[in-house]
Each structure stands twice: as C-alpha cells, then as structure tokens.
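Examining the three-dimensional arrangement
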Protein chains: 4
Amino acid sequence: MAGNTLGNIFRVTTWGESHGDAIGCVIDGCPAGIRLSRQHIKSELDRDVPYPLLTRRVEENNFQILSGVFEGYTIGTPISIIVRNSNVESEKYKKIMHTPRPGHADLTYRMKYGHIDWRGGSRASGRTWVSTIAAGAVAKRICLLKKIAIKSTMLELGGVKVDNNNLEQIIEKLAEQSKRDSDTTGGIIEIQIQNLPSGLGAPAFNRFQADLGHAILNIPGIKTFELGDGLDSARMRASEFNDPIVTQGGSVTTSSNRAGGVLGGITYGPPVVFRFAVKPTPSILIAQKSVDLRTMKNTKMATEGRFDANYTPRVLVVAEAVSAIVCADHLMLSGYVPQDSIIPRKDRLRYDFMNRRA
Amino acid sequence: MAGNTLGNIFRVTTWGESHGDAIGCVIDGCPAGIRLSRQHIKSELDRDVPYPLLTRRVEENNFQILSGVFEGYTIGTPISIIVRNSNVESEKYKKIMHTPRPGHADLTYRMKYGHIDWRGGSRASGRTWVSTIAAGAVAKRICLLKKIAIKSTMLELGGVKVDNNNLEQIIEKLAEQSKRDSDTTGGIIEIQIQNLPSGLGAPAFNRFQADLGHAILNIPGIKTFELGDGLDSARMRASEFNDPIVTQGGSVTTSSNRAGGVLGGITYGPPVVFRFAVKPTPSILIAQKSVDLRTMKNTKMATEGRFDANYTPRVLVVAEAVSAIVCADHLMLSGYVPQDSIIPRKDRLRYDFMNRRA
Amino acid sequence: MAGNTLGNIFRVTTWGESHGDAIGCVIDGCPAGIRLSRQHIKSELDRDVPYPLLTRRVEENNFQILSGVFEGYTIGTPISIIVRNSNVESEKYKKIMHTPRPGHADLTYRMKYGHIDWRGGSRASGRTWVSTIAAGAVAKRICLLKKIAIKSTMLELGGVKVDNNNLEQIIEKLAEQSKRDSDTTGGIIEIQIQNLPSGLGAPAFNRFQADLGHAILNIPGIKTFELGDGLDSARMRASEFNDPIVTQGGSVTTSSNRAGGVLGGITYGPPVVFRFAVKPTPSILIAQKSVDLRTMKNTKMATEGRFDANYTPRVLVVAEAVSAIVCADHLMLSGYVPQDSIIPRKDRLRYDFMNRRA
Amino acid sequence: MAGNTLGNIFRVTTWGESHGDAIGCVIDGCPAGIRLSRQHIKSELDRDVPYPLLTRRVEENNFQILSGVFEGYTIGTPISIIVRNSNVESEKYKKIMHTPRPGHADLTYRMKYGHIDWRGGSRASGRTWVSTIAAGAVAKRICLLKKIAIKSTMLELGGVKVDNNNLEQIIEKLAEQSKRDSDTTGGIIEIQIQNLPSGLGAPAFNRFQADLGHAILNIPGIKTFELGDGLDSARMRASEFNDPIVTQGGSVTTSSNRAGGVLGGITYGPPVVFRFAVKPTPSILIAQKSVDLRTMKNTKMATEGRFDANYTPRVLVVAEAVSAIVCADHLMLSGYVPQDSIIPRKDRLRYDFMNRRA
C-alpha cells in the first residue's frame, strides 16, 4: 500500500530510510511565483536539533533543491528536495537485527514487509522527519502570504512544567538524568495557529481539526491529540463549555476559545489551539525483554545506537511542519491561490493575455 | 471543496441535511459476495438512540438499500442507502436563523458558504450521522469475515465514572438533571478493536492510529483522541512505557499494551485501544450570548429545537461505525479481498475460467 | 475496488443498476451559492432520448434532488440526486442469465464479481448514464458562470456523413434498417468546448486532454479519443502541424487549431476540440455465438430485451455531461471559486465578517 | 494544482525540469520483497534513445536508487530514483525566451504559471519522461510476477508503413530527410498487453481502457487513443463488431478481439490492444510564426536547441512504461499482492507469526 503522501491539493510525499543514501520529499501543488530560497529551507532544517544536549546523532543537513524553483521563485512544478544521509553507524544494528527493540517498529515492519532494512530504524526512524521539516518550510512560505503564524510551546518536559525561566535548566537536568539512568523521558506540546482565515475545513470528513489531528498522529511517538479544552469538555456542561458569540471590532467572534478555534469543523477567526503528548524516546541502554526471532526464544536486549534523551523539542519542529502543510492544503482547497505579486516587476513576464487566466 | 468521503479503497460518501427530504450514503469499493440484508443495516440503525430518555428527537429510521445488493449479497457495485427524514420541526429554527447558536456550526457555515439551510443544524446536525452508521453496518460485515470485533464502553457520563451496575441510574439522573437545569453534559468513551490482523497501517502518513484518529475527530462533538496510555506517556520513562516483547502461543507479541496496539503505525496483534471525550450537546434552553447578524448587535438566544441531554451513548454508535470503516479500508489497502465463499454453492455461478481471476 | 467517482475537487459519484429500485449520483465539492433548480436537471434528463425512433426503452426520468440545495441555490454540501427506475422488463433476462451476451459486460462481470445482478445489464447498462447526465447538469451550471460552452455534433451515423439537412432522414432510415435487419449501427461525435480560460490542465499526469479522454473512454461503447487533428499528426511534418503563434485582439493565440486547444496539456484560449467513435449497440435480435456457463458448451443466443437501433445521439448527451464535469473540476483545481453574486441581495446573508473569508 | 502523480495504489510521482540539476520519481505503494536491481532500471533507461540517428541530445542516464530497496529487494517503502541532468545547452534558449515555440508548451506555461524556467522545455520537455521510464521499470517487475507481457510495435513512421524488413531503412531515410529539410515527422504505435488476468478494471470511472487512455494521453506529443478496432466500430453493425463468445481450452473467451480485450471496462483474457498517433517533434530549424511577448508584435523564430527527427521510437518506450504502471496499479486495486516468494530462503526472515498477516 502507498501511504507516504500528506495533503489533497498541496501534496507532500516523503521518502527515504535512516541509513540509506538520502532522504527527501516531493512537494506537488505548490503554486508558481512563491519566493523560495535555500535559506528558507535551511533555517527550518537548522532547527532540527534545537538542544544538542538531548540528542546523540547530530549531523549537518546537507540538502539540495533539485526542481520546481527557478531564480528564487517557485515555478508551479513539483519541488524535489534531497537530504544526504551521513554520520550513520549501521554496524551497531547488525547485532540486534533479530531482536526487535521494544517501543520501536522493528517487529511490525518485519510482520508487514517480511524483507526489511534493519539499519537504524529504517523508515520509522526520527531521522526521516527531516524530509517533513523541509516540506513544511515550503508550506510556511504559503502560510506567510496569508500572515498565518504557527506558534509552538513545550508545556511539560519529563513531567516538569516548563515556564519561561526554567527551560534550559530542565533540559540540562533531563540530559544528565538520561545519561545517568540510561533512560529517556517525554513531554507535552501546545501549538497555536493564528490568523487563519475563516471558512477552512469541511463539515463531514475534512474537518479542519481532523486533518490536523491526522497529521499530528502520524508523527512518530505521538499518541494523543486534544483540540481546545477538549479533555475538560467531558466534565463540563454546555452552558460552561459553549463559547459565547459576540461582536468584536465590527466582526463576529467568540469571547472565549474553549472549542479551540473551530465550530462544526470550520475555522472562524480565533486561533486553532491543540495539544499532544510526546512519548519517551523508545531507544534506551537498559536491557529490555525481547525475542530472538531466529529461535523464537525470549531474551533481553539493549539498544546500542545513538538516541535522544528527550525528543520533545525535535517533535515540536515536525509538528509545526505538518501543521503548516495542513494549513497550506486547506487554504488551497478553499480556493485560495497564493498571489505571485511578490515577484518584483522586472522579474515577471506578465502580458495582457494573462487576464484571460482562470 | 469536497470533503464528504471517508476511506481510500473502501470509500464512504455521506450526504444530506437534517431537515431535508432524506439523508444517505454511497459505499464504493465493497467487494462482491458479502452477505448483506436489510436487517444488518436496521440492527445498527436501531442502536441510534440507545437511551430515549436522553434524546428528544426519536424517529424510526425509514431506510432503503437502493443498489449494490442482489438477492442478499453485495455485487461489487456502489451500495446506496437512503434514510428519509421525518418528524422535523423546522419552524422553530426560523426564529433563530439570524442568531447563530453558541457551540454550533451556524456561524461558521454562514462564513464559509454564505447561503445556508438554516433548519435544524443542516449538515452539521447529529441527525446526519445516521448515514455513517448505515455505512458502518456494511463495514462491520467485512470486519466480521476477519473476526474483527469492535467493543465500545462509556467510561464516564456527566463526570461520573460508569461501572457495570450504575449505568441506568446515571442516565436517569442525567436526564432529570438536564430537564431541571435545561443544560447538558458529556462523557468519555473507550473503544477496543480486537483480532485485527497484524500489518495494517503504513509508516509515514497512513499510520493506523492516525487514520482512526482522523475518523474519530470528524465526529461532531469530539475534540480529543488518545491511543493506549498516550496521555501518561508524557510523564513516563521509556523503561516503563515500552511494551516488553515476548513469545506467546508460538507467536511474538508484547506482554503489556501501553502503546495501544500499534508500533510504528502498524498493528501487530494486541487490541487497538483508544479513548475520546464527548462534549456536552451544544443546544440548551438556557439563554446564551449571540449576535443578531442583521444588526450586528450583541443579543441573547435560547435554542428551542429538541436536543439530547447527553449524546455520549449515540456518539458511541457512530464511533464504532467509523472505526469499522477504517478497519475495512485498511484490510483492503493491505490486499485483503474478503472471500465470497459464504455464498451458498447453489447461489453461486463459479466456472472454471474463474481460476484466471487476479 | 472503488471506481465510481469522477473528478478531483468537483467529485461525482454515481450508483445504481439498470433494474434496481433507483439510480443516482452524489456531487461533492460544488460550491455554495450556485442557482440550481429542478428544471436545470430536468432539461438535461429530457435530452436522454433525443430520437425515440432509435430507442426502445423510453421512460420519464422521475427524479428528486434530495440534498445540497436550499431555496434554489446550492449550499456547498453534497448534492444527492435520485432517479427511480420503472418500465423494467426483468423477466426477459432470466432466460439468458447463463449465456453472456456478446459485446456486453455479462461475461466480465461474472468473472470479476462472481455474484451479479443479471437483470438488464446491471451497472453496465446505458440506463446508468442518466446519473451522469444529472451530475453533468450541475457541472454545466458552473461552466456557465465562466461562459464555457460545450457544443456537440454528430459527424456520422451508421457510416453516413451527417449534414444540417439530412439528419432526420438518416435517423428514420437507420431505425427502419435496424427493425428490418434486427441489427444496430454506430457513429462519430465531435465536441467543441469554447471559452475555456487559459491555464487549465497540469503538465505531467493531469493534462487537460488526458482527463477529458479518461472521462470519454469511461462512457459505455466508446473506444477512441482524438484531440484536434490527432490522427493526421502522424503523417504530417512539424512545419505543417505546429499551429503558428500570432497576436489577435491584443492577446496571443494560434492562427490554426490542429493541436485541439491545448499545448503541453494546458488550455490557452482556442476551443478544445475532440472526436470519438460510438460502437453499434451490442444488443441485437440476431442469434449470436455464446456459451452456456452451466454446461460450458458453445451455443447461440439472441437478446430479447429492448435496445437502441443506434445510441450515438444518447451518447452525445452523456459525453457533454462528462466534459462539463472535467471542466468544472479543472476550473476549481486552478483555484477558480464560482462567485455567489448571482444570489439576489435579499436572499443572501452577507455580513461584514465575510470579508475575512479565505 | 498538483498533477504529477499516476496511479491509485501503485503511485508514481515524477519531478524535474529538463535543464535543472536532476529529474526523478518516487514510487509509493510497491510491495516489499520484489527483486529490483540497478540493472532492471538501467536496461529500461538504456532504451531511452533506441535510434541515436533520430536524436540529437544523447546522454548517459546517470541514475541512483536512493531508497526503498535493500540488498536487492524492495522493502515496501517509497522507491526514490534520481537521474542527474548533464549535457544541457541552456544558452541557446535564452535567445528565444520571449518568443514561444509553436507546438510547444512555452506559451501555456507562461499563461498558467507567470514565472517559468525557460530553459529547454522545462517540465514539458521529452527529457522528463526518463523519470517515467524508470518508474515503469519497477512496474514491469510486478507485471512480470503475473507473466504480463507488454509488446509494442511501430506501425508507421513518417507516413510509411513499417514491416519487419524495412525499419532500419525508414529510420535512415527519415533522419536524412529531417537533416535536409530541417523538419520532423511522426508515427503510429500499437501496444499489446498479454496475459492480463481477467477482472481488472471497474465499471464506471476506472474502466481499464480509460485508465490506460488517460496514461497514454499524458505522454507529450500524443493526441489519440484507439482500443481494439475502435475506429472501425463506428461503421460496422453489431453483428459484425461483437466478438463471438466461445469456449477455448476449457475456459470462456471470444473468437475475435475487435473490442480490444475488455468488455464493460473489464479484462477477460484476450490481449488488450491499443494504438495511438505520435505527432512530429515540434522543434524544427525552419522559421515559424511566433510573437515577441515583450512587444506583443508578430515575429518569426527558429528553434536552435537539439531535437529529434522523429521521436516515435522513444515515445514507444514511455508508452510501455505508463502501460506497465496502469497494469501494476490495477493488479493491486484488484487485491493482488505480489508474492515475495522470489526471495531466496536464506535472505528471508519469515517467522511463524507471519501467518497472522492480513
């Protein structure tokens, strides 16, 4: 089965295994005339490892934009981005190729595919989300044209509430703890999408939050999605939970945002707010129960590859990327065609017959 | 934009407004030779209102299977099911057509579409999920052939934990309370999908839980999705959260199921377990803040239409339906073609040349 | 497998068998605010049998619009149209249920599905294109807003060239001949799509002509598609075949239209012109070779059901319908959102906040 | 709009411009366990220029398989193939960037996209079909497992009928002629797809021939598609055109194949046979009418880039590739999962729990 494409009109297909030659993405459906430079991609990829203290595999993301961009602007054809893999240590995985790592996809890949690439997590590796980040960088360019802003925050790390002053300390502590205990921790992330135009989303099976939830739940390590005050809603009465409808600056909106920015699956102005938990990185140095698939005997195994003490900060970047992709796709599903007016006059070739364009 | 179709190969398209002539669904991609009777659909539709005490609009679901079935078995063509609307009280909605109901889609439909059907919630009404239940009944037939069982439970109703002995009492109490206070409550549902074959789901953007989450988050009133012990995962260490891999009955599985039945987005045997909150029915008799859209003045309004004191029990039925649709679709995406061997020999026309079939 | 949907954004799903209770379609993705009355559908359905002389089964198309339209305008939700079957003579088919009719789908349906509805051609019957005509009527409303005109002509009937003066005579003659010989004939149709905006179509796998060709080749009885002077192109030199590029009325176009209105798969102003052959109606009263599938013995059979002496005039109406669907879909793929300005002021509810719409 | 993907389950997305860094494809949905080597791709790419005499731009196709394959077998993840561009002569195109070449997409790309890559035909160049050939090579591996054979023949070249003995002479003559006259010619190709299992295709909008026609009509330079004796069908009677149904070797088939291997859009055994015309390569050295888009004045222009005297032999290779993709996709749509039994025992990791696989 296929299953590596996200989006309906703005379509991102990612490819690549953790220890293969390269990983990458093809973005089909990006309109022509959007300014897009190497730097736009690079600045997002550089965020891939925000806290090196928490991460063992750090590599420069050596990437190329191979198509779809000419003289600094998109040309409407598929944008192909490739990121070379390097700094791989495949040998370590040879020893554990017959003992699937708990919490990993090793077991299920074998069940589904029979023949697998056993090196470094293959397509299930966190490494592969670099492709998604690159595609998200392109989606963010489109979001920017509508002034859509995607703001993400870590609410919790390793069970500790994050506030403005203690983030660096928590990270140091978690890194230390992880090193000491050979164990890992998780966290909670909140994202706010601001300045969304109203009218995005469709009533039945493309509710805006459902497409967002789908994208978020496809990120490795994410098992929850909560829109607005969703969890509390189960214990509130409608008179408490319903957001009152009011006028504001000549427009209609709600005075609270418990619903999380959508009504009936459709946006209407307030920020779309959602939250999700990040599980602890599954790879740990502690011996865990597994099975030797050759002998079908129970055994113990410890991961030797590199791992992240806590990958919440990295998940945050991927979550922003998929959120941007969902926004770009829904903008275009709603008939929004990003304007090419940002192309400087001298660079454009606009003729009178263009007026006949659809 | 389109947006009324669920599924990739087993595709369900629903249509219809709450106070229109009828609602219905078209199921495209159901293989031939599946036994399907009126009764299979009816027995699911009859579950639509499990506790009439909690529901004001109760109507017999007067439905017809119009195509795709012949002499009790599917024939591989689209199955069209129509359910006539009746017992509608549209007049009540006329008075509030310019004052959008808080917690409803009234406001956003107007923003998105400009021209709307203001009667009874239109396409956003809970009424429309009857189409989804009908489609789910067909999907359950396919699930049954693989012995997949979808078990749902209400964990909480109106903030009260449900156990085996107190359900009827809670319902009575909530109905009473709602009548007294003119207010409504929500709940929490858990679903277990048992006997799923391993290998369903795809690594990148069709993870089994993401497609499930997408389906669940498209149900009116649902704003959360949690797979396995997802929420706890943020505060656990990997050594606690990872499910140990063990042998069992000659096969490989895990000794716990915190991950909720998937690894890397792919099923492997244990039940897929998930939970979600149901918000309180938004329609209440209490006056709430709204805006008169003609004058753009703040005002107050109370819903006069009928509403449910708590629609958790009804959401449960819809949630089972969409879960069955996701399972049927993923079965078929994985190349599973339901066998037509259930057709009695005498009803079949199987000739030697059939062996040439793909 | 699914396979009953046409279009990407403007999506038409048809359903129904020839001798079932009803046939119909669901149109998902039609924007809100398009004027749509019963009469718009009826006037197209009334064209279904343009020359009763050529057709045996004539029935009034007793249809209903069940959803998606309110007070004469679309509301953005799926439009469900149902057409009741009547005037069916199923008994005649019982006798031939084991001897597949040559030129029909009887044999292949049995091979693919095993269990089939053997009455009247089932889903392969020409009857089922009534659903497509109804959907095309909606697509034509969108085309009209962009002044796109779809003009079709019969170039040949039964091997005789049609000109303005001889059409009625040819039809009479073919009807007579068919009655006398118990045989049927075919024809050739040309369609011109005028006033298409430039820029429709996409370079690689959604070339405008490929999507058109796909739609046309899905009509029962059609096995060819030719764009512009396509057949001649194989025997011409580029200097003859290339359409010279010239200015015209301040715009750029070509002075001839051998390419048939597209370059690189994209429209640019000139009409899109294409042609296709219609095969003779396969049902005839002459005994033909077939096989008794119970005994697997060679035998002879003659169709007893009603049939058309020549169904070219009816195919023309279906071909217009699918052409309109492809145009509406490509318009919307290119970001064209049909304006709702045709809604009379008094019927609209447009508020200031609408300006915030995407 | 997107539009660079072919296929529903076996999905091929191509990307790349003629004079960009590289071109390539991503094949999503190829099952695991299919033997696939560099050589399988290379042997197809080597066919790209079958008659160098007819082609000016000849380059070694320097390609890499970047993902989806491990130790010689597919692993079920997307297969990314990249082909570096070289031997580009972009300067020549600078002179003509404002005067669109007749018969090319220069004009329509400008109309659609505004900002374009004016070098060498960009995404509309014949160069880009190398990606499609590479994807077709993978599809052919799947076809091979079902023994499906795709046989193509040139029926005509430059208006001359090709037979077994005269091909080389015709090619020499056309090359000479083209050099002398600075002009180009076209041709006619026939393809036979043999050993297709019965039951491929779906009744309404995925008829096997319609999906084939769609794929063929997306090849640059192709404007016609004819299945079986399609063109003749318009002038025949049903008693002549209908293929008689007969027994053969214990199976049921037809004694002739005028329908071209499908009935009702579904295959049943006989080869699927189709034909299409190839237009003369549009680039010629003869001065042709065009418009200077800066001044909007009529002018004349001659192409300076390299071109093919006749690209029919190259189109043949692409047509085989897209045919293979359609076959692989329809095989999988029909629930065929290519067996991985070709993996040598020692390379496989098959455990007992595999039996639980869907």
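In this text, all values refer to a predicted model and were calculated from it rather than measured experimentally.

1. Brief notes about the overall build of chain A
Broken down by element type, chain A carries nine helices and 19 strands. In terms of C-alpha radius of gyration, chain A reaches 22 Å, essentially the compact-globule figure of 21 Å for 358 residues. Taking the principal axes of the C-alpha coordinates as reference, chain A spans close to 70 × 55 × 40 Å. Within chain A, the fraction of its 358 residues that count as buried is 71%. Of all intrachain contacts in chain A linking residues separated by at least 6 positions in sequence, the fraction that spans at least 24 positions is 73%. If you sum the accessible surface of chain A, you get close to 11,400 Å²; carbon and sulfur atoms cover 46% of it. Within chain A, one finds 45 positive and 35 negative side-chain charges whose respective centroids are separated by 3 Å.

2. Digging into the relation of the copies chain D and chain C
Between chain D and chain C, which share one sequence, the superposing operator has a rotation angle of 180° and an axial displacement of 0.0 Å; the RMSD is 0.0 Å. Accordingly, the operation relating the two chain copies is best matched by a two-fold axis. Looking at chain D, 100% of its interface residues are interface residues in chain C too, so the copies touch through the same face.

3. Comments concerning the packing of aromatic side chains
Considering all chains together, one arrives at 20 aromatic pairs over all chains under this definition. When the ring of W129 of chain C is compared with that of Y311 of chain C, the centres are 5.8 Å apart and the planes differ by 75°; the resulting orientation is edge-to-face. Of the two residues, W129 of chain C is situated in helix α4 (residues 129–145) and Y311 of chain C in the loop between β19 (297–301) and α9 (312–333); the sequence distance between them amounts to 182 residues. Classification of W129 of chain C by relative accessible area gives buried; the value is 3%. Through successive ring pairs, a cluster of aromatic residues spans F225, F274 and F276 of chain A. Stacked on the ring of F63 of chain A, the Lys or Arg R38 of chain A has its end atom at 3.9 Å from the ring centre.

4. Description of the sheet that holds strand β6 (residues 69–70) of chain D
All names here are of chain D. Strand order in the open sheet formed by three strands is β4-β7-β6, with antiparallel pairing between adjacent strands. Every other strand in the sheet has two partners, leaving β4 (32–35) and β6 as the edge strands with one partner each. Summarising the sheet, β6 and strand β7 (residues 73–75) pair through two bridges and their orientation is antiparallel. From the neighbouring strand, F70 faces β7, where its bridge partner is Y73.

5. Digging into the sheet that holds strand β4 (residues 63–65) of chain B
All names here are of chain B. Within the open sheet, the five strands sit side by side as β1-β2-β3-β7-β4. Their pairing is antiparallel. Looking at strand neighbours, the two that pair on one side only are β1 (5–6) and β4, the edges of this open sheet. Pairing between strand β3 (residues 22–28) and strand β7 (residues 79–84): six bridges, direction antiparallel. If you follow V26 over to β7, its bridge partner there is S80. The strands that helix α4 (residues 129–145) touches are β2 (11–16), β3 and β7; relative to β3, the one it contacts most, it runs at about 30°.

6. Details of the pairing of strand β17 (residues 272–278) of chain C
Residues and elements named next belong to chain C. Taking burial as the measure, the seven residues of β17 include seven buried ones, the bulk of the element. Here β17 shows two buried faces, one formed by V272, F274, F276 and V278 and the other by V273, R275 and A277. Where strand β11 (residues 187–194) meets β17, seven bridges bridge the pair, whose relative direction is antiparallel. Bridged to E190 within β17 is R275.

7. Considering the packing of helix α6 (residues 208–217) of chain D against helix α9 (residues 312–333) of chain D
Residue and element names in this part refer to chain D. Packing of α6 against α9 leaves a shortest axis separation of 9 Å and a crossing angle of 145°. As α6 packs across α9, the resulting crossing turns out to be right-handed. Mapping the contact onto sequence places F208, D211, L212, A215 and I216 in α6 and A319, V322, S323, V326, C327 and H330 in α9. Residue composition of the contact of α6 with α9, grouped by class: eight nonpolar, two polar and one charged.

8. Digging into the interface of chain D and chain C
Opposite the 101 residues of chain D that make contact, chain C presents 101 residues. Carbon and sulfur atoms supply 63% of the area that chain D and chain C bury against each other, a total of about 8,000 Å² over both sides. When residues of chain D are sorted by the area they lose upon contact with chain C, F205, K223 and I245 of chain D head the list and together hold 11% of the total. Between the two partners, chain D and chain C, sit four salt bridges. R237 of chain D serves as the salt-bridge partner of D181 of chain C, at 2.6 Å between the closest nitrogen and oxygen. Viewed at the interface, chain C and chain D are joined by 45 residue pairs in polar contact (both at pLDDT 80 or more). Here the residues of the side of chain D that touches chain C are counted per class, giving 47 nonpolar, 38 polar and 16 charged. Here strand β12 (residues 224–227) of chain C runs beside strand β12 (residues 224–227) of chain D; their pairing, made up of three bridges, is antiparallel. For F225 of chain C, the partnering residue across the bridge sits in β12 of chain D and is F225 of chain D.

9. A few points about the pattern of salt bridges
Where charged atoms from two side chains of opposite charge come close, those side chains can pair. Enumeration over the complete set of coordinates arrives at 56 salt bridges over all chains. Between E44 of chain D and K140 of chain D there is a salt bridge, with its nearest N and O atoms 3.2 Å apart. Highlighted residues: E44 of chain D in helix α1 (residues 38–45) and K140 of chain D in helix α4 (residues 129–145), separated in sequence by 96 residues. Here E44 of chain D and K140 of chain D have matching classes, each one buried. Salt bridges linked by common partners bring E44, R47, K140 and E320 of chain A together as one network.

10. Details of the side chain of K112 of chain C
Here K112 of chain C shows up in helix α3 (residues 106–113). Here K112 of chain C is buried and forms no salt bridge, its nearest opposite-charge partner D211 of chain D lying at an N-O distance of 10 Å.

11. Overview of the side chain of N85 of chain C
Within the secondary structure, N85 of chain C sits in the loop between β8 (79–84) and α2 (91–94). Reaching out from N85 of chain C, the side chain makes a polar contact with the backbone oxygen of S18 of chain C at a distance of 3.2 Å.

12. Quick notes on the nonpolar core
Ranked by internal contacts, the top residues of the largest apolar core, which has 320 residues, are F10 of chain A, F10 of chain B, F10 of chain C together with F10 of chain D. Once residues lying within four places of it in the same chain are set aside, the contact partners of F10 of chain C are I27, D28, G29, C30, V138, A139, I142, I325, A328, D329 and M332 of chain C.

13. Considering unusual backbone geometry
Residues and elements named next belong to chain D. Here the phi dihedral of E71 falls at roughly 50°; this positive angle occurs in a residue that is not glycine. Mapped onto the elements of the fold, E71 is located in the loop between β6 and β7. We classify E71 as exposed; its relative accessible area is 57%. For N195, which is not a glycine, the phi torsion comes out positive at approximately 70°. Given the relative accessible area of 47%, N195 is considered partly exposed.

14. Digging into helix α1 (residues 38–45) of chain B
Residue and element names in this part refer to chain B. Of all the residues in α1, the buried ones are I41, E44 and L45. In an axial view of α1, the angular spread of the buried residues amounts to 100°, which keeps them on one side of the axis. Against the buried residues of α1 lie β4, β7, α4 and α9 (312–333).

15. Thoughts on the pairing of strand β3 (residues 22–28) of chain D
Regular strands show a simple pattern: their side chains alternate between the two faces of the sheet. Residues and elements named next belong to chain D. For β3, the tally of buried residues reaches seven of seven residues, placing the bulk of the element in the interior. Going residue by residue along β3, you find A22, G24, V26 and D28 tucked away on one face and I23, C25 and I27 tucked away on the opposite face as well. Summarising the sheet, strand β2 (residues 11–16) and β3 pair through six bridges and their orientation is antiparallel. Its bridge partner lying in β3, R11 is registered against D28.

16. With respect to the confidence of the model for chain A
Residue and element names in this part refer to chain A. Taken over all residues, the pLDDT of chain A has a mean of 90, while the share at 70 or more is 92%. Below a pLDDT of 50 lies the segment residues 341–358, which in the model reaches 50 contacts outside its immediate sequence neighbourhood of four places, other chains included. Note on the complex model: pTM 0.96, ipTM 0.95.

17. Details of the packing of helix α4 (residues 129–145) of chain A against helix α9 (residues 312–333) of chain A
Residues and elements named next belong to chain A. Running from N to C, α4 and α9 cross one another at 45°; their axes reach a closest spacing of 7 Å. Considering the angle they form, α4 stands oblique to α9. Judged by the sense of rotation from one axis to the other, the crossing of α4 with α9 is left-handed. Within the contact of α4 with α9, the residues separate by chemical class into 17 nonpolar, two polar and three charged.

Procedures and definitions
- Along every chain, residues carry numbers that run from 1 in the direction the sequence is written.
- Numbering of ligands from 1 and lettering of chains from A proceed in the order in which they are written.
- Residue-level local features of this predicted model are given only where pLDDT is at least 70; pairs of side-chain atoms are given and counted only at 80 or more, and the full residue set underlies all totals for whole chains, interfaces and linings.
- Based on all heavy atoms of the structure, the side-chain values leave hydrogens and waters out of the count.
- Segments assigned H or I by DSSP are reported as helices when at least four residues long, segments assigned E as strands when at least two residues long, and all are numbered from the N terminus.
- Two things to know: the radius of gyration comes from C-alpha atoms, and the globule rule equals 2.2 Å times the number of residues to the power 0.38.
- Accessibility here uses a 1.4 Å probe with only protein chains present; expressed as a share of the type maximum, an area under 20% marks a residue as buried, one over 50% as exposed, and anything in between as partly exposed.
- Pairs of residues are marked as contacts when any of their non-hydrogen atoms sit within 4.5 Å.
- Only the protein chains shown count as covering a residue, and every accessible area follows the Shrake-Rupley method with a 1.4 Å probe.
- When charges are counted, neither His nor the chain ends are considered; positive counts come from Lys and Arg and negative counts from Asp and Glu.
- Where a charge sits is defined by one atom per residue type, namely NZ (Lys), CZ (Arg), CG (Asp) or CD (Glu).
- A residue counts toward the fit only if its pLDDT is at least 70 in both copies, and the copies are then superposed by least squares on the C-alpha atoms of those residues.
- Stacked, tilted and edge-to-face pairs are distinguished by plane angle, under 30 degrees for stacked and over 60 for edge-to-face with tilted covering the rest, among Phe, Tyr and Trp rings (Trp via its six-membered ring) whose centres lie within 6.5 Å.
- Here, a charge over a ring means that NZ of Lys or CZ of Arg falls within 6 Å of the ring centre while also lying within 35 degrees of the ring normal.
- A pair of strands is treated as paired once DSSP finds two or more bridges between them.
- Only the stretch in contact is used when fitting a helix axis, every axis being a line fitted to C-alpha atoms; angles between N-to-C directions are given from 0 to 180 degrees.
- Note: crossing handedness is left-handed where the near helix turns anticlockwise from the far helix by less than a right angle, and right-handed where it turns clockwise.
- Amino acids are sorted into nonpolar (Ala, Val, Leu, Ile, Met, Phe, Trp, Tyr, Cys and Pro), charged (Asp, Glu, Lys and Arg) and polar (every other residue, Gly among them).
- Here the quantity called buried area is the accessible surface, traced with a 1.4 Å probe, that two parts lose on coming together, added over both.
- Think of a salt bridge as a Lys or Arg side-chain nitrogen and an Asp or Glu carboxyl oxygen that are within 4 Å of each other.
- Within 3.5 Å is the distance limit for a polar contact, defined as a pair of N or O atoms, with the added protein rule that one can donate a hydrogen and the other accept it, and that residues adjacent in sequence qualify only through two side-chain atoms.
- Nonpolar cores are built from buried Ala, Val, Leu, Ile, Met, Phe, Trp, Tyr and Cys residues. Side-chain atoms within 4.5 Å join them into one set.
- Here, the arc refers to the directions that run from the helix axis to the C-beta atoms.
- Residue-level confidence of the predictor is summarised by pLDDT, bounded by 0 at the bottom and 100 at the top.
- Here the word oblique covers every angle except those under 35 degrees (roughly parallel), over 145 (roughly antiparallel) and from 65 to 115 (roughly perpendicular).

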